[in-house]
Each structure stands twice: as structure tokens, then as C-alpha cells.
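Below, each chain spelled out in residue letters.
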Amino acid sequence: MKLTFRPYTLQLKEQFTLATSSRNTTPAILVEIEQDGVIGYGEASLPPYLKDTQESVSRFLSNLNLQQFCYSHTLDEVLDHLLKESRDDSAAKAAVDIALHDLYGKQHNVALHKLWNCNLSAIPPTSYTIGIASEEDIRRKTRDADQFKLLKVKLGRDTDKMIINTIRSVTDKPLCVDVNQGWTDKHHALDMLQWCHEQGVVFAEQPMPAEMKNEIAWLTERSPIPVIADEAFQRLSDLDEMAGIYSGINIKLMKCEGLGQALKIIQEARKKSMKILLGCMTETSCAISAASQISSLVDWTDLDGALLISNDCFDGAKLSDGRIVPPDRPGIGVLPI
Ligand code: MG
């Protein structure tokens, strides 16, 4: 197997504003793994709040030796080798994991969602993110989102109620909220979650800072809607702790080291009766198409990442009836543009 990679900068269609930051681009690394003329594609997307950077991913990939693997090795053997390479580098590992799975699917001429018996008709609608913005911009963004059945609202500043009231003046669609750790008082957080529930909000992501574990457990116990861990949850080894604090978790391939680990997390989370959101970073259709392969296994999806960029370099999963549906092609099903 031969691995090559190159840096790529994702251009966002609109400035993306969260409780803690704004940005117009996201750095990424695109990966190819080739074996006997068949190419698997992968991607690491690297928003500033991830530890990984283009430099760290490049270093990881330069040191990774896949030449030692041939047809006599199973996919699991290669993935095990990958996971043991380092303790960190989750996005770099995700990029390689995606490319390896894509290669495997192509070599066996099967789409991954078929290989894993995923029922495409069970894919939940994707949410579409309305970032923090002015009243006028929020009204416009809400109208522009008419193809989506669930809107994700970024909260965590002093404009929270204005934002939801503005969206409600345009649509009565279900909403979910992502506070990105923006509330620091548990009583305020509970008041807000109760108010959000009355406004038709179906779940809340990371309402308080990840380190405020006792306060979040207190909040989850009293909240009328599920409280989902995002910043607090990275990978499989975090899951046990999450079960006592949150109602559910947000799995993102870039955090959890790829599809192989995501499948294990889904299995383990279900044993703990936890809710599962499958999310993404701003990503090309490469990583989004990879995530879409397992999207029928979760409660909610938030896979709008490729729709938010203007320079997608892959044709892949498509929005259909409010859902991100994987292509009917082998592997992750993407074609480079
Ligand atoms: Mg989030």
C-alpha cells in the first residue's frame, strides 16, 4: 500500500461564528492510499479547536509505514497498527481509516453501508447550522434552509433568545441547539433548556464547559431534552465517563479516529442506552460520504459540513429529502472532481 497526501484549504461560503470564535477557512489534508491501481480517498479536516494541525497530520502521515501491508493482512490488522501509532493524532488517523475503508470497499466492489447492513431508509434528517448572526441574517439563513427538516442553532452568547425568536418568526421546524460550552451557570442553563424545550428544541449540545462535570450531570438529570456531549467526548475511551453525565454523545470521525472506531462507539453507546448524534466538521464530500455510510445507525445526524464550503473537491453523498444519502458506489463512493 502506498500513501500520499496534500494540504487543502476549505473555503467557507459564509463566515462561521460560534460562541468562542469566527472563521472563513478550515485547513485540511487530503489522503490517497493506492494498492495495485485502486485508490482509497481520505480526509483530515482541522478546525482550530482540534489539537491536530496540517503540520502534525503531515508529520504523522510521513512517519506511517503502510508499505509493510499487503493482501495477506486484514483491514483490522492495518487499522490496529494505525491506532497504536500514537495516543493523539485523531484526525490524521481518521483520514487514513477513511482511505483504508474506501480502498477495502472498492477492492470488494461493495459500498460500506451495504457491507455493514445499514438501511438507508432509516437515515435521520440532517440538521443545518444557523451560526450566530444578526437578526436580519438569521431570518435570511432560516429562509434559505427550506430543504432541511431540522435546524441547528448556535447559542451561548447574550443573544440566545433573540436568535430562537427570530427563527420562530420564520418557521416552526424542529430545532436543536449547540451552546459550544457557552453557559457557565447551571441554573441559567436549566432555565434556558426549559425555555428551549417550549420553543420546539429537541436536544442540546454541550450546554456548559466540558470540565464542569458535576454541574452538567445536575443539568442532564433535570433537563426536559437530551443533553449531548460534543467537546467533552472525543473517542471510545471517553464513553464510560460520559454515561453518568450526559444523555448522549456527538460522534465525529475527526475526533474518534475514523469509521472503525465510530462503529464500536455506536455499539457500546447503545448498550448504555445513550442517544447518538453523528456530526462533522466543515469537510469535503470525502469525509461526509464516509460518515454517511453509518448514518442510519444513529438518532440524529448533523452532516451539513460539505454544504458549507465553496470548493468541495469530491462528488459524493447528496442531500435528498432532508437527508445526507451515501452514493451507490463501492467504498465511500466518492469521485474526485
Ligand atoms: Mg457541537
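Residues numbered from 1 in each chain as written. Predicted model: local features only at pLDDT ≥ 70, side-chain atom pairs only at ≥ 80, totals over all residues. Heavy atoms only, no water.

(A) A look at the overall build of the protein. The helix and strand tally for the protein stands at twelve helices and 15 strands. For 337 residues, the compact-globule estimate of 2.2 N^0.38 gives 20 Å, and the protein sits close to it at 19 Å. If you line up the protein on its principal axes, its C-alpha atoms span 60 × 40 × 40 Å. Of all 337 residues assigned to the protein, the portion counted as buried reaches 57%. Counting contacts in the protein only where the partners sit at least 6 residues apart, residues at least 24 apart contribute 68% of the total. Carbon and sulfur atoms make up 46% of the accessible area of the protein, which amounts to about 13800 Å² in all. Counting 36 positive and 46 negative side-chain charges, the protein places the centres of these two groups 2 Å from one another. (Helix = DSSP H or I, 4+ residues; strand = E, 2+ residues; numbered from the N terminus. Rg over C-alpha atoms; globule rule 2.2 N^0.38 Å. Buried < 20%, exposed > 50% of the residue type's maximum accessible area, 1.4 Å probe, protein only. Contact = heavy atoms within 4.5 Å. Areas by Shrake-Rupley, 256 points an atom, 1.4 Å probe, with all protein chains shown as cover. Lys, Arg positive; Asp, Glu negative; His and termini not counted. Charge placed at Lys NZ, Arg CZ, Asp CG, Glu CD.)

(B) Highlighting the environment of Ser-169. Looking at the secondary structure, you find Ser-169 in the loop between helix 6 (160-168) and strand 6 (175-178). With relative accessibility at 51%, the residue Ser-169 sits in the exposed group. The spatial distance from the C-alpha of Ser-169 to the C-alpha of Ile-294 is 35 Å, given a sequence separation of 125 residues.

(C) Seen up close, the sheet that holds strand 10 (residues 275-279). Strand order across the open sheet formed by eight strands is 4-5-6-7-8-9-10-11, with parallel pairing between neighbours. The open sheet terminates on both sides in strands that have one partner only, identified here as strand 4 (127-130) and strand 11 (300-301). The pairing of strand 7 (residues 201-205) with strand 8 (residues 227-229) spans two bridges and is parallel. From the neighbouring strand, Ala-204 faces strand 8, where its bridge partner is Val-227. (Pairing = 2+ DSSP bridges.)

(D) Layout of the coordination of the magnesium ion. The coordination sphere of the magnesium ion contains the protein donors Asp-178 (OD), Glu-205 (OE) and Asp-230 (OD), at a distance range of 2.0 to 2.2 Å. The exposure class assigned to Glu-205 is buried, which follows from its relative accessible area of 1%. Take Asp-230: its relative accessible area is 3%, and that puts it in the buried class. (Donors = N, O, S within 2.8 Å, 3.2 Å for Na, K, Ca; no water.)

(E) Quick peek at the environment of Arg-329. Its location among the elements puts Arg-329 in the loop between strand 14 (323-325) and strand 15 (335-336). Residues Arg-329 and Val-110 lie 219 residues apart in sequence; the distance between their C-alpha atoms is 7.3 Å. Not counting residues within four places of it along the chain, the set of residues in contact with Arg-329 comprises Ala-111, Asp-315, Gly-316, Val-334 and Leu-335. There is a polar contact of 2.8 Å between the side chain of Arg-329 and the backbone oxygen of Gly-333. (Polar contact = N/O pair within 3.5 Å; in protein donor to acceptor, adjacent residues only side chain to side chain.)

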